[in-house]
Amino acid sequence: MTSPRATDYDSIADRVQKCRADLQSCPPGHPFRSRCLNNLAQSLQNRFEQRSVQSDLDEAIELYRAALLLCPSGHSHRSTVLSGLAAGLQDRFKQRGIQSDLDEAIELQRAALLLCPPGHSHRSTFLNNLAAGLQDRFEQRGVPSDLDEAIELQRAALLLCPPGHSHRSMFLNNLAISLKNRFEQRGIPSDLDEAIELHRAALLLCLSGHSDRSTSLNNLANSLHDRFEQRGIQSDLDESIELHRAALLLCPSGHSNRSTSLNNLAQSLRDRFEQRGVPSDLDEAIELHRAALLLCPPGHFDRSRSLSNLAQSLRKRFEQRGVSSDLDEAIELQRAALLLCPSGHSDQSTSINNLAISLRNRFKHLGVPSDLDEAIELHRAALLLRPPGHSNRSTSLSNLAASLRDRFEQRGVPSDLDGAIELHRAALLLCPPGHSDRSTSLNNLAISLKNRFKQRGIQSDLDEAIELQRAALLLRPPGHSNRSTFINNLAQSLRNRFEQRGIPSDLDEAIELNRAALLLCPPVHSHRSTSLDNLAISLLNRFEQRGVPSDRDEAFRLYVQLSYLSHAVSRRDLTVAKSWATSAEKTNHDSALFAYKTALKFLDQHVAMLPSSPHLFDVVRMATASLAMDAFSCSVRHGALTTAMELVEQGRAVFWTKLARLRSPLDELSLSGDTGAALENEFKQLSFGLRSALDQSTEEQSPQIRQLTMQWNDVVSRIRMLPDFSRFLLPPLFSNLQKAAEEGPVIIVNASQYGCDALIVFSAQDPVHVPLDIPQTEVSELSSEFQSLAEEFGASDCQYRLVSILRKLWGCVVDPVVQALRASKIHHGSRIWWCPTAEFTLLPLHAAGPYEKNKNNLSDIYISSYTPTLVTLIRARQRVSQEVSTQHFVAIGQANPDRGKELRHVAPELAIVARHLGPVVSFTSLEDNDATIQGALDALNHNQWLHLACHGMPHRTQSFDSSFAMRDGPLMIKEIIRSNWQNLEFAFLSACHTTVGHEKSPDEAIHLAAAMQFSGFRSVIGSMWSVDDEVARQVVSVFYRKLVDGSGRLDCTRAAVALHKAVKSLRKKIPLEQQIVFVHIGV
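Here the structure is a predicted model, which means the values were calculated and not measured.

**Student:** Talk me through the pairing of strand 1 (residues 746-752); I want residue IDs and the actual numbers.
**Tutor:** Summarising burial for strand 1: seven of the seven residues are buried, a large majority. Bridge analysis of strand 1 against strand 2 (residues 755-761) gives seven bridges, and the strand direction is antiparallel. Its bridge partner being in strand 2, Ile 747 is matched across the sheet by Ile 760. Pairing of strand 1 with strand 4 (residues 831-836) involves four bridges; the strand directions are parallel. Residue Ile 747 lies in a different strand from strand 4, and its bridge partner there is Trp 834.

Okay, structure coming up:
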């Protein structure tokens, strides 16, 4: 028997001190020594339970062992010491998860029970203690016989406590808890019903004022909650909540069980929210969880569980309302909870699992691949901690399978999908009829089989999926929180089968199911967009089959509702908006342009929530695809040319646009008065702090980032209240975009699956549309042909093939534009800017021409520059650097990089630059050992003009790893964009491939030249393919001779003309591909 346990910290400390003194007065050999050892052990164990100091528990166990040695067989106190040692080992097992501690505790409890034969006054207590140990082992290893034996022992203990016995209520509760556990494992309804009746009987024995009444109320509430989860009886959940409220009233501030009671009530409220969707239930649950966490300070034994509970409720609120900060906070709390569950801790697998689920949710919301990879590794770790027989093994199998399926959907690796299916089958075997997770398990297997059907076309996979989904839906009766999802899943599979086999009844049933699902997703529901999309697609399928106009009209009325979503925009919402646009294009519906506007608005809102890291590019690449180009094409076909300009600007170069929010030109703001100057300073400080925090974080956004984001949004709102700043950082309007053409026309050349067009932008007149007689497929083929050819430049037949491509470009694209420019009175020799999209970004438009005698090529008519977007050019024009008395120029050359072959002409090239520029500017040169990564970055803190001669190293699949080769390694794009250089003017990038971006997303313009331009250079010269070392030296020599004029100062706006003249003067000396390799970007 254990002694009564003190609850006051001071009294416990006093008791420990007194017991130590008693032990010192009983040296070895003293007749009372074993009793003193036992008493000190008990007091240390009590203190451990209060303060969770590991050393207290370890010392208690050693003292119990010493006491046991002094109580040989036959000793009157042996059973008491055996029981105490067992309890200590059991506590240590719960804390550290050491299996041998639990096994030893059970053996000790068996030995103690043998010393209490029938009729012994303590037999019921010892039966109960052994049952508790067996139950713990069942929860750890899932061996059914342990749980069955525990229940039999508890029944025997209860028989020894007839009505009126002081322990009867406790024993009733213990037996009820074990029966509830067996119900959770085997799904036998009578076990749960008996548990509830036992808990009711226990509560009747704990009248008002009884010390165990709050515990008894909690226990009955938990069992009713379980029955609600199984059978969906609303009254069970409502009664559970009322019992939890009553229990909480009996645990006022300072009560040892208050945090548990707060958590229990919160859990039930969260479940009621899931059932009925009343927001106040979830908000109250979160506040209760926060209050519970405050009662579990660092060091508290229940802190990890409390962190986890709050995290789960925040995750649930995120799923409902889509507020990213809720999910980010949940992930941080779960990371903290996991740190408190080291290897062996009984809650470790649960903690790992919870964190993995939240990371997977964030992947689904924001699409960051590393979140999904981390979730998969965590789920694998959790599964290892849940071997066959573990009560949560089926959950772990399902979670890992679902994450592998997500990765398959993202990356298309077949083994991920096959693995998911096998895991789902294994999970379903562990969820027999009656199991609470069976419907979810059926649904999960169905989804994976359907995915495999889509990939490989195996009919039996789809048929099996439909049967599984029907069975799952039967287990989700009306009123169930997930019913809409299960309805949608079955409907989608039936629609897929209709598309495969054309059975009309499949489609009709799918439509009725989609209607039922939509009714369960009101406008605030996070799945509403999916439900709208599913029903619309099914109706459009039926329209295609039967031609009933009302089906089509209803489908687009549904899509229009997307524009009224009232929650934060997720990737799912963006995907559905794109689906709307695709459907409108396919059926030639007049809502197409509205669909594109909605999709691009969603893109803006979605990207605004993402961290400005290189991973953003991956998300954007998958989310946008051809969206902006198709929107441009749609606008042009509708005659809305100014809208075309606005939409294509909004949906391209999204990464640079996002980063520009943190580097906005603020000169006008600083000059608008004291208020403007103060806001400019505040904006700059917050932007720098936010950018730094984002750069240093991995993917999770910390509370610091959330706080900075709120402050940043606030200052932006205040700036927009100032005169002339109402559209600060908003997508630009046509009237603003026209400013790009102040120094000459800008030609947007667009390739879309719906047609190719050029649009000439002028500063003071409407844009001019030039239809292009070439489909996107031919542009794509031409681009691929050119990319292949560029890798072979120097071979014997390259020149002929190159001319053929340049002639094709001239005939189909550039000549029609030139005719329109001439018609608009753009004079011979004028500057023009090309703004290509899609595959056009990879083609040398500036070099197009007929290449025939007595006929002019483009370069004979106009001087070409490029710009990634109109806004980029406007920004470069606005960024007029402050007049400085001395212009600072740095030439950096690296002929012997860390990796790559030697460049023999770098030193002579730098000497030429020095000869031309030394007399007119403050000139610095960095070469060889001085041309390091840090050396280059530092040099640009002090110089506004740059010449860089080195190897350019493009990375076609990881664009942010594209780099310049320095002496000590690669200077990458991701390092360049973190810079904060001031007043930059011009950069000549005498390196290979500096305008080559991502092979699958050329529109994002993630390449070395764009990175330099973004970092502040107003004017940049880069290369489209490999540059010959000797040619570079010759071009550089003539270029700088033409750039320097008699004024004694450099002007970056003369760079395009200087390059044009340099190439023209070298035409007869260098091959064609080297004449056209350099391009000018910017002002």
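**Student:** Please set out the pattern of salt bridges residue by residue, giving values where relevant.
**Tutor:** A full pass over the atoms with the stated rule returns 63 salt bridges. When the shortest N-O distance is used, the salt bridge between Asp 283 and Arg 317 registers 3.1 Å. Of this pair, Asp 283 sits in helix 13 (residues 279-294) while Arg 317 sits in helix 14 (residues 303-321), and the two are 34 residues apart along the sequence. Arg 317 gets classed as buried once you look at its relative accessible area, which sits at 15%. Three or more residues joined by partner-sharing salt bridges are found here, namely Asp 58, Arg 92, Arg 96 and Asp 101.

**Student:** Residues and numbers for the side chain of Ser 43, please.
**Tutor:** Looking at where Ser 43 falls in the secondary structure, it is placed in helix 2 (residues 33-51). If we ignore the near neighbours within four places in the chain, the residues touching Ser 43 are Ile 12, Arg 15, Val 16 and Cys 19.

**Student:** An account of the packing of aromatic side chains is needed here, citing residue identities and associated values.
**Tutor:** Taken as a whole and judged by the stated rule, the model has 11 aromatic pairs. For the ring pair Trp 580 and Phe 594, a centre distance of 5.4 Å and an interplane angle of 80° mean the geometry is edge-to-face. With a gap of 14 residues between them, Trp 580 in helix 26 (residues 571-586) and Phe 594 in helix 27 (residues 592-608) connect regions that are remote in the sequence. Taken together, the aromatic side chains of Phe 889, Phe 923, Trp 945, Phe 986, Phe 988, Phe 1039, Tyr 1040 and Phe 1078 make up a single cluster linked through ring pairs.

**Student:** Which residues make up the nonpolar core, and what values go with them?
**Tutor:** Counting residues in hydrophobic clusters, the biggest one holds 138 residues, and the most contacted among them are Val 813, Trp 834, Phe 840, Phe 964, Phe 1039 and Tyr 1040. With 14 residues, the single largest contributor to this core is helix 37 (residues 798-823). With near-sequence residues (within four places) excluded, Tyr 1040 lies in contact with Phe 889, Val 913, His 916, Leu 917, Leu 946, His 947, Phe 986 and Phe 988. In terms of nonpolar packing, the next biggest core, distinct from the first, is built from 52 residues, Ala 60, Ile 61, Ala 67 and Ala 112 among them.

**Student:** Can you lay out the sheet that holds strand 10 (residues 963-966) for me, pointing to particular residues and giving the numbers?
**Tutor:** Read from one edge of the open sheet, three strands run 9-10-11, paired in antiparallel fashion. Strands at the two margins of the open sheet, each flanked by one partner only, are strand 9 (952-953) and strand 11 (969-972). Looking at chain direction, strand 10 and strand 11 are connected through four bridges and run antiparallel. Residue pairing across strands places Phe 964 opposite Leu 971, the latter belonging to strand 11.

**Student:** So what's going on with the environment of Leu 1066? Which residues, and what values?
**Tutor:** By secondary structure assignment, the location of Leu 1066 is in the loop between helix 45 (1055-1065) and helix 46 (1072-1075). A relative accessible area of 4% means that Leu 1066 is categorised as buried. Along the primary structure Leu 1066 and Val 1035 are separated by 31 residues, whereas in three dimensions their C-alpha atoms are 7.6 Å apart. Contacts of Leu 1066, omitting those with residues within four sequence positions, involve Gln 1034, Val 1035 and Val 1038.

Calculation notes
Residues numbered from 1 in each chain as written. Predicted model: local features only at pLDDT ≥ 70, side-chain atom pairs only at ≥ 80, totals over all residues. Heavy atoms only, no water. Buried < 20%, exposed > 50% of the residue type's maximum accessible area, 1.4 Å probe, protein only. Helix = DSSP H or I, 4+ residues; strand = E, 2+ residues; numbered from the N terminus. Pairing = 2+ DSSP bridges. Salt bridge = Lys/Arg side-chain N within 4 Å of Asp/Glu carboxyl O. Contact = heavy atoms within 4.5 Å. Phe/Tyr/Trp six-rings, centres within 6.5 Å; stacked < 30°, edge-to-face > 60°. Core = buried A, V, L, I, M, F, W, Y, C linked by side-chain atoms within 4.5 Å.

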